[in-house]
Amino acid sequence: MNFITTKDDLLHSVNIVQKAVSNKTTLPILEGILFKVMDNTIYLMGTDLEIGIKTELPGKINSQGSVVISAKLISELVRKLPDDDVFLELNENYILNIKCLNSEFNIQGQNGNEFPQLPEVHSDKEISINKELFKSMIKETIFSVAKNENIPILTGELIEINDGIIKFVALDGYRLALRQGKINDNIELSEVVPERTLSELYRIASLSTLDSVQISHTKNQILFRLGQTHIVSRLLEGEFMNYNQIIPQNSTTKVKVNVAELLSSCERASLMVRDGKSNLIKMNFINNILEIKSNSEMGTVNEQIDVEIEGESIKIAFNSTYFIDVLKIISDEEILLEFTTSVSPCVIKPNQGSNYTYLILPVRYIDH
Amino acid sequence: MKKRIIFHIDVNSAYLSWEATWRLQHGSSLDLRNIPSVVGGDPKSRHGIILAKSIPAKKYEIKTGETLYSARQKCPDLLIVPPNYELYMKCSNVMYSILKEYSHLVQRYSIDECFVDYTQSEDLFGDPLKVAYNISNRIKKELGFTVNIGIANNKLLAKMASELEKPDKIHTLFPNEIEDKMWKLPIDELFMVGRRTLPKLKNIGINTIGDLAKADGFHMKSYLKSHGFLIWNYANGLDETLVREEDIVQKGIGNSTTMHYDVSDRREANLVLLSLAEMVCMRLRNKNALAKLISISIKNSDFLHYSHQCKIQSPTDSTNVIYKHVKKLFDEVWKLEPIRHLGVRVGELCGKEFYQTSFFDEDLLDQYRKIDKTVDSIRKRYGRESIIRGAFLNSGLKPIVGGVGEEEYQMMSSLL
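None of these values were measured; they are calculated from a predicted model.

*Asks:* What's the story with the environment of A:Leu207 in this structure? I'm lost.
*Replies:* All names here are of chain A. Along the chain, Leu 207 turns up in helix H4 (residues 195-207). In this structure the C-alpha to C-alpha distance between Leu 207 and Ile 16, which are 191 residues apart in sequence, comes to 8.4 Å. Leu 207 has contacts with His 12, Ile 16 and Lys 19, leaving out every residue within four places of it along the chain.

As structure tokens, then:
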């Protein structure tokens with residue numbers, strides 16, 4: 001194996017595939033990145049067997065071959081190289097020679113043939129989705145994915161495509177985030193993708209200059225393609241919760257509220273509960289005023305916001321973190337909050353349209 | 001700042017004197033306290049050990065913690081009575097309620113020990129020593145057992161004071177008395193100096209509490225790490241911990257039972273688990289707490305012990321919900337072999353005042369809550385088995401199993 005590339009291209013590719021490399025693995029070879037030259041293409045690949053990333057590296061090829069190099073070492077090394085052409089040549093005993101201006105390294109590698117193959121995802125149907133839409137769908141839902149593994153299926157997000165509508169759904173038992181958008185392909189899909197895959201995808205998509213992401217899937221693998229970068233991930237098995245069933249269709253109180261005002265009030269109210277596990281804040285919607293209260297040994301806080309209330313007054317309590325998480329990522333100026341009782345979920349919707357739906361379950365409390 | 005005044009109330013040979021009192025009140029003419037007697041783990045079990053002893057039993061050099069077998073060899077006439085944790089809990093509760101009359105801050109440190117923060121109460125009730133005598137007399141007269149009370153400026157010294165001379169004594173241990181009363185005591189009398197620390201201290205020539213107090217704090221820290229510094233502080237009578245109102249030493253509630261015969265039928269095992277869950281949940285509700293962690297334990301006929309636990313989405317106190325998880329846990333680990341012993345335990349307790357609801361909460365939760373509440377009050381009034389689950393009819397199994405186990409209360413904790 002022998003090829004010439006530039007420091008920038010090499011750094012970019014290493015950064016992408018490194019996202020799939022896990023630092024805690026039982027298979028030492030997985031701590032490395034595979035460099036492979038085949039069919040006139042230079043590939044880089046990393047995997048932890050749950051997620052695998054393969055990308056192409058532009059460069060001038062002199063000969064074929066493959067080697068696995070420690071991901072940690074190569075990424076630090078490349079980062080510190082001078083800005084110039086980089087010459088890579090594989091010598092005997094898997095020693096990779098790297099030259100750049102006046103620097104020369106000889107790195108001990110491992111046999112490239114021992115590196116696991118990326119699972120093939122052959123599907124005749126490929127879905128294309130706008131990259132910016134894809135990114136915001138991840139960003140606006142991913143915080144609701146379950147953090148613990150009590151219910152394994154909830155550690156991923158449901159991606160559902162139906163009638164030209166794509167939906168991302170995340171829920172952890174206490175809250176739900178649903179974001180939807182339009183796509184052109186007429187295709188059906190309903191799969192649960194691990195949270196880690198999506199967060200790495202978000203980062204890789206942010207690095208990419210392309211406009212769209214292609215998605216295809218087989219029985220238990222899903223492939224995301226951004227130009228020459230392939231991200232293959234295992235899908236989570238099991239039945240996702242029927243989310244439609246838990247979104248209330250009716251409400252007895254509708255409140256229109258300014259997002260920025262509500263967010264800063266919630267943030268101030270949560271100052272008093274920082275130590276507590278349930279971060280309890282109490283909301284009282286009455287006479288077009290929202291009163292937010294919180295108290296602890298540290299002190300008390302009382303906030304008031306002008307809102308538009310339609311329907312009955314209601315007193316309800318929440319974990320402030322759940323509210324703040326949602327309000328932070330909403331770009332609209334105003335939103336609608338819908339309630340039925342003090343023990344049923346609060347529904348957060350856009351004032352216009354139906355791009356997103358958030359559900360937050362209240363904290364049950366005894367009012368003294 | 002005003003100097004704190006802390007009482008430490010310690011029941012004298014608690015289990016034994018509670019047992020004795022109860023027997024006297026129920027017509028027995030024999031006072032266990034006057035004969036060689038012990039409260040010991042189930043005498044039928046081979047693993048029975050001594051939990052408490054009378055003073056006459058002490059004369060035979062019978063020690064707490066030794067096996068019944070070895071105690072019987074020392075004193076063949078020894079009277080052994082089985083423990084009754086529910087009775088002890090009751091006694092402990094009534095003592096607690098008496099103490100609550102004297103301060104808003106009472107910490108139940110273990111089943112037979114309480115700390116009372118008397119600092120604020122002095123304006124109301126006056127001289128601490130007089131009040132201590134008052135409390136001691138009331139407990140003797142109203143409840144029929146004796147206590148030791150230690151009075152000091154912090155919890156550590158109060159506890160050391162109540163240990164000074166027993167039974168039925170009141171001691172003070174204020175800073176000017178430390179040297180006279182505490183320093184001359186052997187080092188193993190100091191709180192937190194156990195059998196593992198003792199030889200290490202003896203090695204460097206520390207034999208009394210005073211020796212340790214006079215040693216160099218930094219040296220103790222490098223020798224025994226943070227524990228060395230802690231006991232050095234204790235030897236000097238230094239302790240700043242507060243009297244905590246809630247008894248946080250209780251980390252969980254659990255009950256377990258050894259069956260009369262080995263059970264290998266799933267349905268029967270489920271019923272036993274249900275009877276344990278009934279007890280655990282009743283106790284949980286009685287404590288006004290909710291649990292987030294549920295675990296079960298199994299000991300099979302080969303004495304192999306294993307357990308399994310899960311965290312649930314929303315904390316609960318519902319018998320139905322907890323039993324549902326218990327059943328699932330059991331099915332997940334049971335290897336179909338005959339079972340000798342089963343246990344149910346809940347942990348990660350939290351208050352009932354507010355809790356996060358979840359999408360996975362059962363729809364019937366409110367009804368469950370009402371049923372549990374009603375059943376609890378019927379049982380409280382008319383006895384435990386006044387209302388039982390239909391599943392136990394003609395099953396030959398007890399519908400509610402387990403007492404108030406001692407295991408939940410740390411008898412000695414590093415948390416003052």
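Continuing now.
*Asks:* What's the story with the packing of helix H6 (residues 259-269) of chain A against helix H7 (residues 320-329) of chain A in this structure? I'm lost.
*Replies:* Packed helices, taken two at a time, are described by their axes: the angle between them and the distance between them. All names here are of chain A. The contact between H6 and H7 brings their axes to 9 Å, and the two run at 145 degrees. Note on packing geometry: the crossing formed by H6 with H7 is left-handed. Across the interface between the two elements, Val 259, Leu 262, Leu 263, Cys 266 and Glu 267 of H6 pack against Phe 323, Ile 324, Leu 327 and Lys 328 of H7. Among the residues making up the contact of H6 with H7, the classes are represented as seven nonpolar, no polar and two charged.

*Asks:* So what exactly am I meant to see when it comes to the interface of chain A and chain B here?
*Replies:* When the parts come together, some accessible area is lost, and that loss is often what is quoted as the size of the interface. Between chain A and chain B, the contact holds 23 residues from the first and 16 residues from the second. Of the roughly 1700 Å² buried between chain A and chain B on both sides combined, carbon and sulfur atoms contribute 58%. Looking at the side of chain A facing chain B, the largest losses of area belong to A:Asn150, A:Tyr174 and A:Arg364, adding up to 36% of the total buried there. One can count one salt bridge joining chain A with chain B. A salt bridge links B:Asp366 to A:Arg364; the shortest N-O distance between them is 2.8 Å. In this structure, the connection of chain A to chain B is made through eight residue pairs in polar contact (both at pLDDT 80 or more). Counting residues per element, the side of chain A that touches chain B draws most heavily on strand E28 (residues 363-365) of chain A, which supplies three residues. For the side of chain A that touches chain B, the class distribution of residues is 15 nonpolar, five polar and three charged. Across three bridges, E28(A) lies against strand E14 (residues 354-356) of chain B in antiparallel orientation. Bridged to A:Tyr365 within E14(B) is B:Phe354.

Reading the values: rules and limits
- Residues numbered from 1 in each chain as written.
- Chains lettered and ligands numbered in written order.
- Predicted model: local features only at pLDDT ≥ 70, side-chain atom pairs only at ≥ 80, totals over all residues.
- Heavy atoms only, no water.
- Helix = DSSP H or I, 4+ residues; strand = E, 2+ residues; numbered from the N terminus.
- Contact = heavy atoms within 4.5 Å.
- Axes fitted to C-alpha atoms, helices over the stretch in contact; angles between N-to-C directions.
- Left-handed = near helix turned anticlockwise from the far one by under 90°.
- Nonpolar A, V, L, I, M, F, W, Y, C, P; charged D, E, K, R; others polar.
- Buried area = accessible area lost by both parts, 1.4 Å probe.
- Salt bridge = Lys/Arg side-chain N within 4 Å of Asp/Glu carboxyl O.
- Polar contact = N/O pair within 3.5 Å; in protein donor to acceptor, adjacent residues only side chain to side chain.
- Pairing = 2+ DSSP bridges.

From the geometry alone we can't say anything about function, so treat these as descriptive.
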